[in-house]
Amino acid sequence: MAEKRTFKDVARHIIFDSNTVPSKLFDLALIGAITLSVLVVMLDSVEPFHRAYGMAFVMLEWGFTLIFTIEYLLRLYVASSRLRYARSFFGIIDLLAILPTYFSVFVPGAQYFLVMRFFRVLRIFRLLKLVTFVREADFVTASIRASGRKIMVFLFFVLVMVCIVGSIMYMIEGPENGFRSIPESIYWAIVTVTTVGYGDISPQTVSGRMLASLLMIVGYSIIAVPTGIVSAEMTSMQNRRAQKHFCPTCPLAVHDDDALYCRYCGGLLVNKRNVQ
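Keep in mind it's a predicted model, so treat the numbers as computed, not measured.

Here is what the cut-offs are and how they apply
Residues numbered from 1 in each chain as written. Predicted model: local features only at pLDDT ≥ 70, side-chain atom pairs only at ≥ 80, totals over all residues. Heavy atoms only, no water. Core = buried A, V, L, I, M, F, W, Y, C linked by side-chain atoms within 4.5 Å. Buried < 20%, exposed > 50% of the residue type's maximum accessible area, 1.4 Å probe, protein only. Helix = DSSP H or I, 4+ residues; strand = E, 2+ residues; numbered from the N terminus. Contact = heavy atoms within 4.5 Å. Phe/Tyr/Trp six-rings, centres within 6.5 Å; stacked < 30°, edge-to-face > 60°. Lys NZ or Arg CZ within 6 Å of the ring centre and 35° of its normal. Polar contact = N/O pair within 3.5 Å; in protein donor to acceptor, adjacent residues only side chain to side chain. Expected span 1.5 Å × (residues − 1). Salt bridge = Lys/Arg side-chain N within 4 Å of Asp/Glu carboxyl O.

1. Quick word on the nonpolar core
Core analysis: the largest hydrophobic core is formed by 16 residues, its most contacted members being Val165, Trp188 and Leu215. Those elements that place two or more of their residues in this core are helix 9 (148–173), helix 10 (182–193) and helix 11 (206–242). Tallying contributions element by element places helix 9 first for this core, with 6 residues. Setting aside anything within four residues of it in sequence, one finds Val165 in contact with Trp188, Ala189, Leu211 and Leu215. One finds Ala33, Val38, Val40 and Tyr85 within the second-largest nonpolar core, a separate group that totals 12 residues.

Next up, the structure:
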């Protein structure tokens, strides 16, 4: 005799699984509700729509918030580990998706933070079983983390450079040409080196324009550096994945295909096929 399933078991299967028709329909309905709720928030920020349909938007928003609140509480109830779900990425996003509406009662305008509900649409990865994309996202994240120190050193160098250039530009141009302080001159240097160029401050003297031109040229090379750092790290990690053997002591080292011993510690290399 088959074991009778409780409401909690059925609800957990529908909410957290995606292999059956009911669970897929639930995910599709949820994504549709998320999209509509974000659209309501966006339209409410448009002044003509707000004047004409403001009250309707408020009612719709509270309706969506109540639905998502019930869904969040239901997820907590049926989750195998409530603490794990509450602390997970989707658990935090689910909570942040409902809090702004309640905060708007005390802080006017807080409801516009509800556009973060679009993060919940990421559940479509689970619905469509795009596990490969998730793995690749993890690979990119790991590459960025591995490049973190190099990028931080590079950003520190850029920060020092814009401070120096901003100070020099302040001495060259001065307040009479719009460079009223060193911090404002540093702001100009940051805008210039990133090739944004708002145009609210611009050098007027020949020396200032020469320095600005040099900074613009340097800016083009600076933009490519972080990309090159991350790309090199991704290539290195890909090589580590593809190599046939590895060192138990130095697992991150890259070795030649015909190598027998680690080039760093001298230890015997282990064949990946034998380990698997």
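Alright, that's what it looks like, and here's the rest.
2. Focus: the packing of aromatic side chains
In the structure shown here, the tally under the stated rule is 5 aromatic pairs. Centroid distance Phe64 to Phe68: 6.4 Å. Interplanar angle 15 degrees. Geometry classified as stacked. Residue Phe64 and its partner Phe68 are both found in helix 3 (residues 47–78); the two are separated by 4 residues, about one turn of the helix. Neither Phe64 nor Phe68 differs from the other in exposure class; each is buried. Taking the centre distance of 6.0 Å and the plane angle of 40 degrees together, the rings of Tyr72 and Tyr85 count as tilted. With Tyr72 in helix 3 and Tyr85 in helix 4 (residues 82–87), this residue pair connects regions lying 13 residues apart in the sequence. You'll find Tyr72 and Tyr85 in the same group, each marked buried. Stacked on the ring of Tyr77, the Lys or Arg Lys8 has its end atom at 5.2 Å from the ring centre.

3. Considering the side chain of Asp94
With respect to the element layout, Asp94 can be found in helix 5 (residues 89–96). With relative accessibility at 1%, the residue Asp94 sits in the buried group. A distance of 2.6 Å separates the side chain of Asp94 from the side chain of Tyr85, its partner in a polar contact.

4. Things to note about helix 2 (residues 21–44)
Between its first and last C-alpha atoms helix 2 spans 35 Å; for 24 residues at 1.5 Å apiece the expected length is 34 Å, and the two agree. Taken together, the buried positions of helix 2 are occupied by Ser23, Asp27, Leu30, Ile31, Ala33, Ile34, Ser37, Val38, Val40, Val41 and Asp44.

5. Regarding the pattern of salt bridges
One pass over the full model with this rule turns up 5 salt bridges. A salt bridge links Glu47 to Arg51; the shortest N-O distance between them is 3.6 Å. Taken together, the residues span about one helical turn, with Glu47 and Arg51 both in helix 3 at a distance of 4 residues. Bridged by salt links that share partners, the residues Glu71, Arg75 and Asp94 form one connected network.

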